[in-house]
Amino acid sequence: MASEVEFWPMSDRQRELRQKAREFALKEIRPAAKALDETSSFSEDIYQKLAEQGLLGITIPEEWGGSGADTQSYALAMEELSYGYASIADLCGLVELVATLLLELGTEKQKQRYLTPLVRADLKCSFALTESEAGSDLASLSSLAVKSPNGYLLNGSKTFIHNGPVCDFALVLARSQEKGDKHRSMSIFIVDSDLPGFSRGKKENKLGQRASQLSSLFFNDCLLPEDALLGNDGEGFKNMMIVLEKGRICIAALSLGIARAALEESLKFTANQLKEEKPGGNSQTTQWMLADMATDIFAARSMIRHAAALKDGGIPAAMYASMAKLFASEIAVKHTTAAVELQGIHGYSKDSIVERLYRDAKVTQIYEGTSEVQRIIIARNLLRKGLMP
Ligand SMILES: Cc1cc2nc3c(=O)[nH]c(=O)nc-3n(C[C@H](O)[C@H](O)[C@H](O)COP(=O)(O)OP(=O)(O)OC[C@H]3O[C@@H](n4cnc5c(N)ncnc54)[C@H](O)[C@@H]3O)c2cc1C
């Protein structure tokens, strides 16, 4: 039974996972966030503990080592982890997407070799789509895997790849047919990082989410075995859509976690101002800022729960997932900016949490489909299907 009035009914399982993620965020992530941000380092310790807690592969069935929970539980957990530190939540999101593709498309052998070790944190993965000339427009990617007698010969490069500097394997989207329809000539390959011809670029130096490790990946005459192909040849682009909704719900929840942390810091600061009888606390400007933050957070949470519930019900959720991602990422940027302003010099200082939240929020408008791309998807859905019910 719920001990509080919940804004949305939760199953015991959903509440349990949210609680587990909340406690983990408070005990393990929050205390480490500042140092991880300052040193831009990967925390092997936290990665292992996430797996021990069942927070890697939340929607992956238990028989493959996951927690077998639904998308709503996953979204609740992502909000909590991101409230702890967005880089850690994004690491969970990466594992979830790669694990979902392995689960849905993998052969028994591929699942045994990669899926269970991944959700147990014995392996680290990357998900490599973006190229320097193919970001939003993935159809124009040029990495090429040519069929050879022994498998596929892969040439090309990927850029800004999460976990690039540390991954043991990457799911790589490449063209496997030189001619023909752009969308029907791509395949997904599982590429081991110890293969000859695989190399990594330098670690990217980024504005925010600095503990997330990013680099380019290069494939130079990289000979992939026959069974490196994940799913059918030529169906890579279509298969990517399997994780589209989940990926956007995930980043919406991550953005929400950042916004919630900004509200919490703003409330603490304002309460202190009121206690010390400083004019800021009582001002209408401050109070409107707090009210707008809380209202947008409530709206974003409702949108995320709605999109996740549709997905769990097997109902197409693409437009709602895009709306949730668009709205949550926009309010994360808006309200982390407001949180810095509210605190003045204190908010601008490296000693404050909101300074990091402000930097961590920006990328949520860029990755997993930019805000412009989400608007295109929403408009296309509206024009195709008419007004929402
Ligand atoms: C921190 C971080 C982590 C990332 N991790 C990964 C990863 O693990 N794997 C991976 O494959 N990629 C990753 N990416 C890359 C990310 O997916 C791309 O940045 C994103 O797809 C946008 O592509 P782009 O940066 O090339 O921008 P572009 O596509 O070049 O877009 C530039 C601008 O043009 C706008 N634009 C583009 N097309 C249109 C259009 N048709 N109509 C209107 N506006 C348009 C965009 O909205 C944007 O404002 C990561 C990026 C970052 C910053």
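Since the structure is predicted, the reported quantities are computational estimates derived from the model, not experimental observations.

### Describing the pattern of salt bridges
With the rule as written, the count across this model stands at 26 salt bridges. A salt bridge links Glu 264 to Arg 30; its shortest N-O distance comes to 3.6 Å. A residue pair is termed long-range when its members are at least 10 positions apart, and Glu 264 in helix α7 (residues 244-275) and Arg 30 in helix α1 (residues 12-39) qualify at 234 residues. On the accessibility criterion, Arg 30 (19% relative accessible area) is buried. For the salt bridge of Glu 226 with Lys 147, the shortest nitrogen-to-oxygen distance reads 2.6 Å. On the criterion of sequence distance, the pair formed by Glu 226 in the loop between β7 (214-225) and β8 (229-230) and Lys 147 in strand β2 (residues 144-148) is long-range, its members being 79 residues apart. Classification of Glu 226 by relative accessible area gives partly exposed; the value is 42%.

### Points about helix α2 (residues 44-52)
Looking only at α2, the buried set comprises Ile 46, Tyr 47, Leu 50 and Ala 51. Buried residues of α2, viewed axially, fall in a sector of 140 degrees; they line one side. Where α2 is buried, its residues touch α1, α3 (71-84), α4 (86-105) and α5 (108-119). A positive backbone phi angle near 75 degrees is found at Gly 54, which sits one or two residues after α2.

### Quick look at the packing of α1 against α2
Where α1 meets α2, the closest approach of the two axes is 11 Å, and the angle between their N-to-C directions is 160 degrees. Between α1 and α2, the interaxial angle falls into the category roughly antiparallel. Judged by the sense of rotation from one axis to the other, the crossing of α1 with α2 is left-handed. In contact with Phe 24, Glu 28, Ile 29, Ala 32 and Leu 36 of α1, α2 contributes Ile 46, Lys 49 and Leu 50.

### Focus on empty space enclosed by the protein
Per the stated rule, a full pass over the model turns up three cavities of 30 Å³ or more. Around the largest cavity, the lining residues are Leu 36, Ser 41, Phe 42, Ser 43, Ser 87, Ile 88, Leu 91, His 162, Asn 163, Ala 211, Ser 212 and Gln 213. Broken down by element, the residue count for the lining of the largest cavity peaks at three residues, all from α4. Counted by class, the lining of the largest cavity contains five nonpolar, seven polar and no charged residues. In terms of domain composition, the lining of the largest cavity takes at least three residues from each of domain 1 (12-119) and domain 2 (125-239). Estimates place the volume of the second largest cavity at around 40 Å³. Lining of the second largest cavity is provided by Ala 75, Leu 76, Glu 79, Ala 253, Leu 256, Arg 301, Ile 304 and Arg 305. For the lining of the second largest cavity, the elements supplying multiple residues, two or more each, are α3, α7 and α9 (284-312). Per-class residue counts for the lining of the second largest cavity are five nonpolar, no polar and three charged.

### Let's talk about the pairing of strand β3 (residues 151-162)
Where β2 and β3 come together, five bridges link them in antiparallel fashion. What sits directly across from Ser 148, in β3, is Gly 151. As paired strands, β3 and β7 are joined by nine bridges and run antiparallel to one another. Bridged to Ser 157 within β7 is Phe 218.

### A few points about the packing of aromatic side chains
According to the stated counting rule, one finds four aromatic pairs in the structure shown. For the ring pair Tyr 114 and Phe 169, a centre distance of 4.8 Å and an interplane angle of 55 degrees mean the geometry is tilted. Of this pair, Tyr 114 sits in helix α5 while Phe 169 sits in strand β4 (residues 169-175), placing them 55 residues apart in sequence. Taking relative accessible area as the criterion, Tyr 114 reaches 7% and is therefore assigned buried.

### Thoughts on the domain arrangement of the protein chain
Domain assignment breaks the protein chain into domain 1 (12-119), domain 2 (125-239) and domain 3 (241-385). On a C-alpha basis, the centres of domain 2 and domain 3 stand 31 Å from each other. Taken together, the contact between domain 2 and domain 3 spans nine residues of the former and 13 residues of the latter. For the pair domain 2 and domain 3, the summed buried area comes to about 780 Å², and 55% of that belongs to carbon and sulfur atoms.

### A word on the nonpolar core
Counting residues in each nonpolar core, the largest one holds 96 residues, and the members touching the most others are Leu 102, Phe 127, Phe 169 and Leu 171. Sorting elements by how many residues they give to this core places α4 first, with 14 residues. Ignoring sequence-local partners within four residues, the contact set of Leu 171 consists of Val 98, Leu 101, Leu 102, Ser 126, Phe 127, Ala 128, Ile 188, Phe 189, Ile 190 and Leu 230. Residues Leu 154, Cys 167, Ala 170 and Leu 229 belong to the second largest nonpolar core, which totals 19 residues.

### With respect to the site of the ligand
Near the ligand, the surroundings consist of 16 residues, among which Phe 127, Thr 130, Ser 136, Thr 370 and Glu 372 are the closest. Note that a nitrogen atom of the ligand is positioned 2.7 Å from one of the backbone N or O atoms of Phe 127. For the ligand, whose accessible area on its own is 970 Å², the fraction buried by protein is 61%. Of all the elements in the fold, those that place two or more residues in the shell around the ligand are β1 (125-128), β3 and α13 (371-385). Examining the composition of the shell around the ligand, we find that three residues originate from one element, β3, more than from any other. Looking at the shell around the ligand residue by residue, the classes come out as ten nonpolar, five polar and one charged.

Scoring rules and cut-offs
Residues numbered from 1 in each chain as written. Predicted model: local features only at pLDDT ≥ 70, side-chain atom pairs only at ≥ 80, totals over all residues. Heavy atoms only, no water. Salt bridge = Lys/Arg side-chain N within 4 Å of Asp/Glu carboxyl O. Helix = DSSP H or I, 4+ residues; strand = E, 2+ residues; numbered from the N terminus. Buried < 20%, exposed > 50% of the residue type's maximum accessible area, 1.4 Å probe, protein only. Arc of directions from axis to C-beta. Contact = heavy atoms within 4.5 Å. Axes fitted to C-alpha atoms, helices over the stretch in contact; angles between N-to-C directions. Parallel < 35°, antiparallel > 145°, perpendicular 65-115°, else oblique. Left-handed = near helix turned anticlockwise from the far one by under 90°. 1 Å grid on protein atoms, 1.4 Å probe; cavity = no way out; pocket = protein on both sides within 12 Å on 5 of 7 lines; lining within 4 Å. Points joined across faces, edges and corners; volume = space filled by probe spheres on them. Nonpolar A, V, L, I, M, F, W, Y, C, P; charged D, E, K, R; others polar. Domains from an automatic or database assignment. Pairing = 2+ DSSP bridges. Phe/Tyr/Trp six-rings, centres within 6.5 Å; stacked < 30°, edge-to-face > 60°. Buried area = accessible area lost by both parts, 1.4 Å probe. Core = buried A, V, L, I, M, F, W, Y, C linked by side-chain atoms within 4.5 Å. Near = heavy atom within 4 Å. Polar contact = N/O pair within 3.5 Å; in protein donor to acceptor, adjacent residues only side chain to side chain. Areas by Shrake-Rupley, 256 points an atom, 1.4 Å probe, with all protein chains shown as cover.

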